[in-house]
Amino acid sequence: MLHTVAAFDRLGEENAFAVLARATALAAQGKDIINLGIGQPDFKTPSHIVEAAIKALKDGHHGYTPATGLLATREAVVRRTLAMTGVEVSPENVMILPGGKPTMYAAIIMFGEPGAEIMYPDPGFPIYRSMIEFTGATPVPIPIREENGFAFSAEETLALITPKTRLIILNSPANPTGGVTPKVEIDRLVKGLEKHPDVAIMSDEIYDVMTYDGEEHTSLLKYPEIRDRLIVLNGWSKTWAMTGWRMGWSIWPNGEKGGNLYDKVRKLAVNCWSCVNAPSQFAGIAAIDGPQDEVEMMKAFDNRRKIVVEGLNDLPDVSCITPKGAFYAFPNVSKTGWKAKKLASELLDGAGVALIGGPDFGILGEGYIRLSYANSEENILRALERMKLFLESNRQG
């Protein structure tokens, strides 16, 4: 019998992919499945971005690139960061990676080890806790509560910091809740972090442009007092409908004051994924510098968001607050009498609607399900009708 290290037995999963596989299998059997489970835009990557990758291939850009990314790609990220946040960063702080997850992986294994504590949002993206447990560190959930509009509480977050805390992970706009933490709360958090200068922060800002109702995303880059211990995660997947391209970027502290984190992640890239392929990086430059089609995409998401919230609140014993960001709704299903994961499973098998149970996003996710409205209005309306019929016919308790 082969003996692997115990850390691999602690690895979790992202159940959205398991649900996608199950939904695909059912569809292959001829069943009509509406997938509201996977978190990816249903729009095609804009044509000028695709053409940039094709041109790069035709021009012979087939070889290795620097482990940190092409300078031109990093400079494009610098321009985009300045436009979005008003903060000018150096290309020497920017890392180009194959998606957003490698930034999570790198940050968590840098600070996670037995005896250390890493704080993460709960409900939150499941890979945070999975990777924390992989390292042997203790995962400390930051409660993300419906009564706070699914924003984190600075007071509650600061109260969880102990002498063992090494890293705090934040996410706004948030997956799975669609919550957006207001600037005043971030101000309070940053002020409180002054008392904890040895704690690093990773801010997952992958949904930064995806806000509604005049809500504004506040990047933690705007706070110079924490930049020497701040890691910012971002990328192309959501904003430009490029999930399958596996294109992410992150901004890291550089130099001794910042713990030489940038050089550490560079070495990790050399040891792990080598580099990001050249054609995708040229596509990434075209995305940043070209027409910003996400404006039209966000109009579509906003319309769908309104349909989803109205429809969910019309379901028996279901309530849903209006999400302020991303493209997810996180309705409260506790009054239906169903356990959340069981309900999600039965909706897939019995109603042909793929959703994700709240517990797949953390220990505080019970009583909720996640619905992605990255699907057509027609399919969303069909899914809501199926859900209504199912809940009316299958009352619990």
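Since this is a predicted model, take the numbers as computed values, not measurements. (Residues numbered from 1 in each chain as written. Predicted model: local features only at pLDDT ≥ 70, side-chain atom pairs only at ≥ 80, totals over all residues. Heavy atoms only, no water.)

One pass over the full model with this rule turns up 25 salt bridges. D317 is the partner of R395 in a salt bridge, and the nearest nitrogen-oxygen pair spans 3.3 Å. Placement of the pair is R395 in the segment after α12 (377–393) and D317 in the loop between α10 (294–313) and β9 (328–329), with a sequence separation of 78 residues. For R395, a relative accessible area of 52% translates into the label exposed. Residue class for D317 comes out partly exposed when judged on its relative accessible area of 39%. For E346, the salt bridge is made with K342, and the minimal N-O distance between the two is 3.1 Å. Taken together, the residues span about one helical turn, with E346 and K342 both in helix α11 (residues 340–351) at a distance of four residues. What makes E346 partly exposed here is its relative accessible area of 25%. With a relative accessible area of 45%, K342 lands in the partly exposed category. Here the residues in one salt-bridge network are D213, D302, R305, K306 and K324, joined through shared partners. (Salt bridge = Lys/Arg side-chain N within 4 Å of Asp/Glu carboxyl O. Helix = DSSP H or I, 4+ residues; strand = E, 2+ residues; numbered from the N terminus. Buried < 20%, exposed > 50% of the residue type's maximum accessible area, 1.4 Å probe, protein only.)

To continue, consider the pairing of strand β3 (residues 117–122). Successive residues of a regular strand alternate their side chains across the two faces of the sheet. Burial analysis of β3 places six of its six residues in the buried class, which makes it a mostly covered element. Residues E117, M119 and P121 point to one face of β3 and I118, Y120 and D122 to the other, with burial holding for every one of them. Where β3 meets strand β4 (residues 138–143), six bridges bridge the pair, whose relative direction is parallel. Across the sheet, residue P121 finds its bridge partner in β4, namely I142. A crossover connection joins β3 to the parallel β4 through helix α5 (residues 126–135); in handedness this β-α-β unit is right-handed. Pairing analysis gives three bridges linking β3 to strand β5 (residues 165–171), with the strands arranged parallel. Bridge pairing links E117 to T165 in β5. (Pairing = 2+ DSSP bridges. Right-handed = clockwise from strand over helix to strand, strands pointing away.)

This paragraph deals with the layout of surface pockets. Here the largest pocket defines a volume of roughly 450 Å³. Along the walls of the largest pocket sit 23 residues, with E14, G39, K101, F125 and K238 positioned nearest its centre. Those elements that provide at least two residues to the lining of the largest pocket are α1 (15–28) and α4 (101–111). Across the lining of the largest pocket, the residue classes tally to ten nonpolar, seven polar and six charged. (1 Å grid on protein atoms, 1.4 Å probe; cavity = no way out; pocket = protein on both sides within 12 Å on 5 of 7 lines; lining within 4 Å. Points joined across faces, edges and corners; volume = space filled by probe spheres on them. Nonpolar A, V, L, I, M, F, W, Y, C, P; charged D, E, K, R; others polar.)

Sheet architecture is open: three strands sit in the order β9-β12-β11, paired in antiparallel fashion. Since the sheet does not close on itself, it has two edges, and those belong to β9 and β11 (356–357), each with one partner. Note that β9 and strand β12 (residues 369–372) share two bridges and pair antiparallel. Paired with A329 across the bridge in β12 is L371.

This model, assessed by the stated rule, comprises 14 aromatic pairs. Ring geometry for F43 against F301: centres 5.7 Å apart, planes inclined by 85°, an arrangement best described as edge-to-face. Separated by 258 residues along the polypeptide, F43 in the loop between β1 (34–35) and α2 (47–58) and F301 in helix α10 bring together distant segments of the chain. Each ring, one from Y207 and one from F327, has its centre 5.7 Å from the other, and the planes form 80°; the classification is edge-to-face. Remark: F327 occurs in the loop between α10 and β9 and Y207 occurs in the loop between β6 (200–204) and β7 (230–235); sequence separation between them is 120 residues. Looking at Y207, the relative accessible area reads 3%, which means it is buried. Looking at F327, the relative accessible area reads 0%, which means it is buried. Of the aromatic side chains, those joined through ring pairs into one cluster are F43, Y207, F301, F327, Y328 and Y373. (Phe/Tyr/Trp six-rings, centres within 6.5 Å; stacked < 30°, edge-to-face > 60°.)

The end-to-end C-alpha separation of α1 is 20 Å, in line with the 20 Å expected for 14 residues at 1.5 Å each. Burial in α1 covers these residues: A16, V19, A23 and L26. Angular distribution of buried residues about the axis of α1 spans 85°; they occupy a single face of the element. Of the surrounding elements, those touching the buried residues of α1 are β1, α11, β10 (353–354), β11 and β12. Directly after α1, the chain includes G30, whose backbone phi takes a positive value near 100°. (Expected span 1.5 Å × (residues − 1). Arc of directions from axis to C-beta. Contact = heavy atoms within 4.5 Å.)

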